[in-house]
Amino acid sequence: MKLVLFQALPEGAVVPGLLTERGVVDVSAVAPKNYTPQLVMQGLIDDFDKLRPALEKRGKDGEAVPLDRVRLRPPLPRPGKILACIANYWEHAQREARPLNMFMKNPDAIIGPDETIVLPEYTVPWIFMHEAELALVIKGPAKMVKAKNWKNSIFGYTSMIDVSAREQGRRTWPATPLTSWLGKSFDTFAPIGPCIATADEIKDPNDLIVRFWNDGQLRHNYNTDDMEHRVPELVEFATTVMTMNSGDLIACGTNHEGLGALQDGETVEIEIQNIGKMALKVSDPLKRKWERGVYMGVDSTNPEAVKRHRTQ
């Protein structure tokens, strides 16, 4: 199943639904009642096994509304935690795997399909970049989960754009003396969606194609089988440190070969195999301009950039 939160057009209440080939089916009559859309989705995650027969029947027989008549919202509007991997892709390098590391990303940075990434009116970060990533949706509470049992703690999957404010090269702002999570946590810097694909929709999360376009230009285009540390290890690592609760997210990192700038007026799209595709706009009140295309600086992992900057 593919779970969504949506509003009927014109603006109505945010309600849970199923994304089907026929359109979006309202499942609010089946879903647990709660105060906020986030808590409704967490209730669906917690009670999914019990609710599944009713959800499947609703998805098959319920009235479907065409996608162009609804507004999809972020499927998890305010997750309790967003953990994100630092790097975590081989990127054609011949080396030992780098130590696994993660950072926290601001849950209030979440936005959803067809919303707008707003670059801050803040001039210290010198560029803002996109990172297209697979994100794990947790079913909790999950604590001290061993890699061999990782499936017990995964409810499903969604896509995330880890928008990042940079200073020198690819170093996350503030870069001096050390890089920080702050440059990852401006408002609107965590688009997710378009849905949560339940775990049974994806045979192997380490065999998915991730693609990202900027104004139609394909930038990210990689397979998640390139992870240095694969999904079972990510689950074990995160839950060794902290309890992960239902609706929390773990973003799996990105292949940095496709990094590029985001700037005013652009339309970006992310698509992950078996999850779906969504588009967002970019707005910059300061109308800044950067070189268009994939980042090719001295610390780029793009093969062409490596060739360009290699000592002759």
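In case you missed it, the structure is sitting above this.
Chemist: Sorry, what's going on with helix α3 (residues 231-241) here?
Modeler: Three or four residues apart is the spacing at which side chains of an α-helix point the same way, because the helix has 3.6 residues per turn. When α3 is considered as a whole, its buried residues turn out to be V231, L234, V235, A238 and T239. For α3, the buried positions fall inside an angular range of 115° around the axis, keeping them on one side. Against β6 (82-85), β7 (102-105), β11 (132-138), β12 (154-161) and β17 (249-251) lie the buried residues of α3.

Chemist: Looking at this model, I keep getting lost on the nonpolar core. Mind explaining?
Modeler: One recurring pattern in soluble globular proteins: nonpolar side chains tend to sit buried together. Core analysis: the biggest nonpolar cluster contains 89 residues, and L134, L136 and F189 have the highest contact counts within it. Counting residues per element, this core draws most heavily on β11, which supplies six residues.

Chemist: Got a minute to help me understand the sheet that holds strand β9 (residues 116-118) in this structure?
Modeler: Note on sheets: strands pair through backbone hydrogen bonds, and any given pair is parallel or antiparallel. In space, the five strands of this open sheet follow the order β9-β19-β18-β15-β16, with mixed pairing throughout. This sheet does not close on itself; its edge strands, each paired only once, are β9 and β16 (217-223). Taken over all neighbouring pairs, the strand axes of this sheet differ in orientation by 20° on average, direction set aside.

Chemist: Would you explain the side chain of T198 in this entry?
Modeler: Looking at the secondary structure, you find T198 in strand β14 (residues 190-198). Here D200 takes part through its side chain, which lies 2.6 Å from a polar atom of the side chain of T198.

Chemist: Help me understand the state of the cysteines, please; the structure alone is not making it clear to me.
Modeler: Think of a disulfide as a covalent bridge from one cysteine sulfur atom to another cysteine sulfur atom. A full pass over the atoms with the stated rule returns zero disulfides. Lacking any disulfide linkage, C85 is separated from the closest cysteine sulfur, that of C252, by 5.9 Å. The cysteine C195 is free of any disulfide, with C252 supplying the nearest cysteine sulfur at 15 Å.

Chemist: Where do I start with the pattern of salt bridges in this structure?
Modeler: Side chains bearing opposite charge may pair, as long as their charged atoms lie close to each other. The tally for this structure, following the rule as stated, stands at 17 salt bridges. The salt bridge partner of K57 is D61, with a shortest N-O separation of 3.6 Å. A residue pair is termed a helical-turn pair when its members lie 3 or 4 positions apart in one helix, as K57 and D61 do in helix α2 (residues 48-61) at four residues. Taken as a pair, K57 and D61 share a single burial class, namely exposed. A salt bridge links K287 to D264; the nearest nitrogen and oxygen atoms lie 3.2 Å apart.

Chemist: Before we go on, may I ask you to explain the pairing of β14 in this structure?
Modeler: Burial analysis of β14 places nine of its nine residues in the buried class, which makes it a mostly covered element. Strand direction decides the pairing type here: strand β1 (residues 2-8) and β14, joined by two bridges, are antiparallel. Opposite L3, over in β14, you have I196 as the bridge partner. Pairing of strand β8 (residues 110-111) with β14 involves two bridges; the strand directions are parallel.

Chemist: What is the right way to look at unusual backbone geometry in this model?
Modeler: Generally, phi is negative for residues other than glycine and the peptide bonds are trans, each holding for most cases. Cis geometry marks the peptide bond from T176 to P177; its omega dihedral reads 0°. In this fold, P177 is placed in the loop between β13 (164-166) and β14. A cis amide bond links G193 with the next residue in sequence, P194, at an omega value of 0°. Positive phi, normally seen in glycine, also occurs at M144, with a value near 55°. For M144, the position within the fold is in the loop between β11 and β12. With relative accessibility at 45%, the residue M144 sits in the partly exposed group.

Chemist: Explain the packing of aromatic side chains to me, please; I cannot follow it from the model alone.
Modeler: When we look at a pair of aromatic rings, we describe it by the centre distance and by the angle of the planes. Going through the model one piece at a time under the given rule, you end up with eight aromatic pairs. Judged by centre distance (5.7 Å) and plane angle (25°), the ring pair of W173 and F186 falls under stacked. Of this pair, W173 sits in the loop between β13 and β14 while F186 is found in the loop between β13 and β14, placing the two residues 13 residues apart along the sequence. Summarising the burial analysis for this pair, W173 and F186 share the class buried. Taken together, the ring pairs connect Y122, F128, W173, F186, F189 and W290 into an aromatic cluster.

Chemist: Got a minute to help me understand α2 in this structure?
Modeler: A rise of 1.5 Å per residue sets the reference length of α2, with its 14 residues, at 20 Å; its end C-alpha atoms lie 19 Å apart and thus fit the reference within 8%. At A54, α2 shows its maximal bend, which comes to roughly 35°. The complete set of buried residues in α2 reads F48, L51, L55 and G59. Close packing links the buried residues of α2 with β2 (15-20), β3 (23-26), α1 (37-46), β12 and β14.

Reading the values: the criteria
- Residues numbered from 1 in each chain as written.
- Predicted model: local features only at pLDDT ≥ 70, side-chain atom pairs only at ≥ 80, totals over all residues.
- Heavy atoms only, no water.
- Buried < 20%, exposed > 50% of the residue type's maximum accessible area, 1.4 Å probe, protein only.
- Helix = DSSP H or I, 4+ residues; strand = E, 2+ residues; numbered from the N terminus.
- Arc of directions from axis to C-beta.
- Contact = heavy atoms within 4.5 Å.
- Core = buried A, V, L, I, M, F, W, Y, C linked by side-chain atoms within 4.5 Å.
- Pairing = 2+ DSSP bridges.
- Axes fitted to C-alpha atoms, helices over the stretch in contact; angles between N-to-C directions.
- Polar contact = N/O pair within 3.5 Å; in protein donor to acceptor, adjacent residues only side chain to side chain.
- Disulfide = S-S within 2.5 Å.
- Salt bridge = Lys/Arg side-chain N within 4 Å of Asp/Glu carboxyl O.
- Phe/Tyr/Trp six-rings, centres within 6.5 Å; stacked < 30°, edge-to-face > 60°.
- Expected span 1.5 Å × (residues − 1).
- Bend = angle between axes of the 7 residues up to and from the residue.

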